[in-house]
Amino acid sequence: ELVNKLLPSKQYYIRPYAKDEDSDGNPVYGYGEVKSFTTREFESPRIDYVNAKAQGINSISVSVENMTYDGTLVEYGFIWRKYYHDQMSDELTLDNCGENKITIMPTTEDVVSTFSALIENLDTNTEYEIKAYSITSYEVDGETHLSTGYSWSSHAGTADLNVPEVNYPETKKTTYTTMTLSSGVYSYDEAATLTECGFIWVDYATYEANNYNLTLENCGDNKLVATFGENNAFEATLTGLKFGTSYQVAAYVTVTYSNGETRTGYYSTGRSTLSVYVSVSVGNIGTNSFDASGSVGDYYSSIDWTELGDTFEAGFCWATKEDTNPADIPEENRMTAELTDSDNQKTFAATVTVPEESGVTYYVWSYFKCNGGIVYSNATSVTSKNIPGKDDHGNPEIKK
């Protein structure tokens, strides 16, 4: 026989008995040996541990594989809070978990030993402390008592918002003012959605000024949105570029997560528009002048000048230091020259006047401008004629 409805943690005495009747029909009882036993205490529900695993950027799946309990199951579920490693001072309980609670109510009288849930709306890339809990009830002297049990703490973190990886931007075609590039998505987080792709660019001087950093935030208006194609590849043609200019170009891909946040990945590389060969030579050297001549293009191969545009400028610039950057030479040391068609080239010439100082060496460059870009030749040097000094009588000075 199962003896139930006893009180927990109480000592009881028990003996078997049998009832019979004598010949007169009176009851006769027989008893067996008396035994004593003590009921155990009513135990709190026992939960082994919580299995927890990130299910994305803001959710964690949790489950319990083994729960046992006494009495009647009232409710069970999970509680959680952000975990700050060694900074946690109080134990996580139902009293201090706030709204961070999932409650499951039993629907049948069947014994519940396993249960699971999905904790959602968590912060991205954050670690959490998680516990399972269970509440049971039992009666003593007509009063209902509740008992709560917790699992050991489990720790799990939500996923980070990953930046998509972008393929190296390949150059398919480059002209004097355009550039066709192709790229694609190398990989991205499956929890995100591809939302935008394209190319951004700045000239190299701006790239240097941006501390060698090129992003959507500092590219200005130099952005071209492309369309995802097969295998998430994309391409586009950048137009309106400057002739013969170095650019930093980046392919970019943006993804959007379910919480509305976005992440952008880049692959950046250096590219230049096409240039032409520019040469310079000097002659007819005087004390304060010299003749300079230059050419644009290769004598042996033709150039599509219409592709370059219809507004050109050519000329010369000079300095007294060989290591001068010709782009830094001021306007007073520059002069333009008229362009003349010659076979496959355009030529130009001018007489350059310099200060009346004898025996000074000048470094001379020719340049060619079109479409906002400029190309310089290599430097050549020229030394103005040396004029002898004069003595106090105005005669040529004779040195020892």
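Above this note sits the structure.
Residues numbered from 1 in each chain as written. Predicted model: local features only at pLDDT ≥ 70, side-chain atom pairs only at ≥ 80, totals over all residues. Heavy atoms only, no water.

Asks: How should I be thinking about the nonpolar core in this particular structure?
Replies: Side chains that are nonpolar tend, in soluble globular proteins, to be buried together. Within the largest apolar cluster, 26 residues are counted, with the highest numbers of intra-cluster contacts made by Phe243, Val276, Phe290, Leu308, Phe316 and Phe368. Listed by contribution, the elements that provide at least two residues to this core are β23 (278-283), β24 (289-296), α2 (305-308), β25 (312-319), β28 (345-353) and β29 (361-370). Per element, the largest residue contribution to this core is four residues, and it comes from β29. (Core = buried A, V, L, I, M, F, W, Y, C linked by side-chain atoms within 4.5 Å. Buried < 20%, exposed > 50% of the residue type's maximum accessible area, 1.4 Å probe, protein only. Helix = DSSP H or I, 4+ residues; strand = E, 2+ residues; numbered from the N terminus.)

Asks: Just checking my understanding: could you explain the sheet that holds strand β21 (residues 246-256) for this structure?
Replies: Strand pairing in a sheet is mediated by backbone hydrogen bonds. Such pairs are either parallel or antiparallel. Judged by pairing direction, the sheet is antiparallel, and its four strands sit side by side in the order β19-β18-β21-β22 without closing on themselves. Of all the strands in the sheet, the pair left with one neighbour each is β19 (223-226) and β22 (262-272). For this sheet the average axis-to-axis angle between neighbouring strands, irrespective of direction, equals 20°. Sheet topology note: the strand β18 (residues 193-203)/β19 ladder contains four bridges and is antiparallel. (Pairing = 2+ DSSP bridges. Axes fitted to C-alpha atoms, helices over the stretch in contact; angles between N-to-C directions.)

Asks: It is not clear to me how unusual backbone geometry should be interpreted in this structure. Could you clarify?
Replies: Its identity as a non-glycine residue notwithstanding, Asn231 has a phi of 60°, on the positive side. Within the secondary structure, Asn231 is located in the loop between β19 and β20 (233-238). Here Asn284, not a glycine, exhibits a phi torsion of approximately 50°, which is positive. Asn284 gets classed as exposed once you look at its relative accessible area, which sits at 60%.

Asks: What is the right way to read the pattern of salt bridges from this model?
Replies: It is possible for side chains of opposite charge to pair when their charged atoms get near one another. Counting across every chain of the model gives eleven salt bridges. Among the salt bridges present, the one from Lys35 reaches Glu33, with a minimum N-O distance of 3.7 Å. On the basis of relative accessible area, Glu33 is assigned to the exposed category, the value being 57%. The partner of Glu235 in a salt bridge is Lys172, with the nearest N and O atoms 2.8 Å apart. Separated by 63 residues along the polypeptide, Glu235 in strand β20 and Lys172 in strand β16 (residues 170-174) bring together distant segments of the chain. Look at Glu235 and you get partly exposed, because its relative accessible area is 42%. A relative accessible area of 54% places Lys172 in the exposed class. (Salt bridge = Lys/Arg side-chain N within 4 Å of Asp/Glu carboxyl O.)

Asks: What am I meant to see in the environment of Asp328 here?
Replies: In this structure, Asp328 sits in the loop between β25 and β26 (334-337). Taking the C-alpha atoms as reference, Asp328 lies 24 Å from Gly240; in sequence the two are 88 residues apart.

Asks: Teacher, can you tell me more about the packing of aromatic side chains here?
Replies: The geometry of an aromatic ring pair is captured by two quantities: the separation of the ring centres and the angle between the planes. As enumerated under the stated definition, the model contains 17 aromatic pairs in all. An angle of 50° between the planes, with centres 6.4 Å apart, marks the rings of Tyr17 and Tyr29 as tilted. Of this pair, Tyr17 sits in strand β2 (residues 17-21) while Tyr29 is found in strand β3 (residues 27-31), placing the two residues twelve residues apart along the sequence. For the ring pair Trp305 and Phe312, a centre distance of 5.9 Å and an interplane angle of 70° mean the geometry is edge-to-face. Judged by its relative accessible area of 17%, Trp305 falls in the buried class. Put simply, the rings of Tyr176, Phe243, Trp305, Phe312 and Phe368 pair up and form one aromatic cluster. Taking the ring centre of Tyr367 as reference, the NZ or CZ of Arg334 above it sits at 5.7 Å. Lying across the ring of Trp305, Lys346 places its NZ or CZ 4.9 Å from the centre. (Phe/Tyr/Trp six-rings, centres within 6.5 Å; stacked < 30°, edge-to-face > 60°. Lys NZ or Arg CZ within 6 Å of the ring centre and 35° of its normal.)

Asks: How should the state of the cysteines be read in this particular structure?
Replies: Linking two cysteines covalently via their sulfur atoms produces the bond known as a disulfide. One pass over the structure, following the stated rule, counts zero disulfides. The thiol sulfur of Cys317 is not disulfide-bonded, and the nearest other cysteine sulfur, from Cys370, lies at 16 Å. (Disulfide = S-S within 2.5 Å.)

Asks: Which parts of the structure should I look at to understand the side chain of Thr215?
Replies: Positionally, Thr215 belongs in the loop between α1 (204-209) and β19. Note on Thr215: relative accessible area 13%, which makes it buried. In contact with Thr215, other than residues within four places in its own chain, are Ile200 and Tyr266. (Contact = heavy atoms within 4.5 Å.)

Asks: What exactly am I supposed to notice about the pairing of β29 here?
Replies: Moving residue by residue along a regular strand, the side chains alternate between the two faces of the sheet. Burial analysis of β29 places eight of its ten residues in the buried class, which makes it a mostly covered element. As paired elements, β25 and β29 share eight bridges and run antiparallel to each other. Within β29, the position partnered with Gly315 by the bridge is Tyr367. Pairing geometry for β29 and strand β31 (residues 380-383), over four bridges, is antiparallel. The residue bridging Thr361 from the neighbouring strand is Thr383, located in β31. Relative to strand β30 (residues 373-376), β29 is paired through four bridges, and the arrangement is antiparallel.

Asks: What is the right way to read the sheet that holds β23 from this model?
Replies: Reading across the sheet, the four strands line up as β23-β24-β28-β27 and stay open at both edges, with antiparallel pairing between neighbours. Each end of this open sheet is capped by a strand with a single partner; those strands are β23 and β27 (340-342). Averaged over neighbouring strand pairs, the angle between their axes works out to 30° when direction is ignored.

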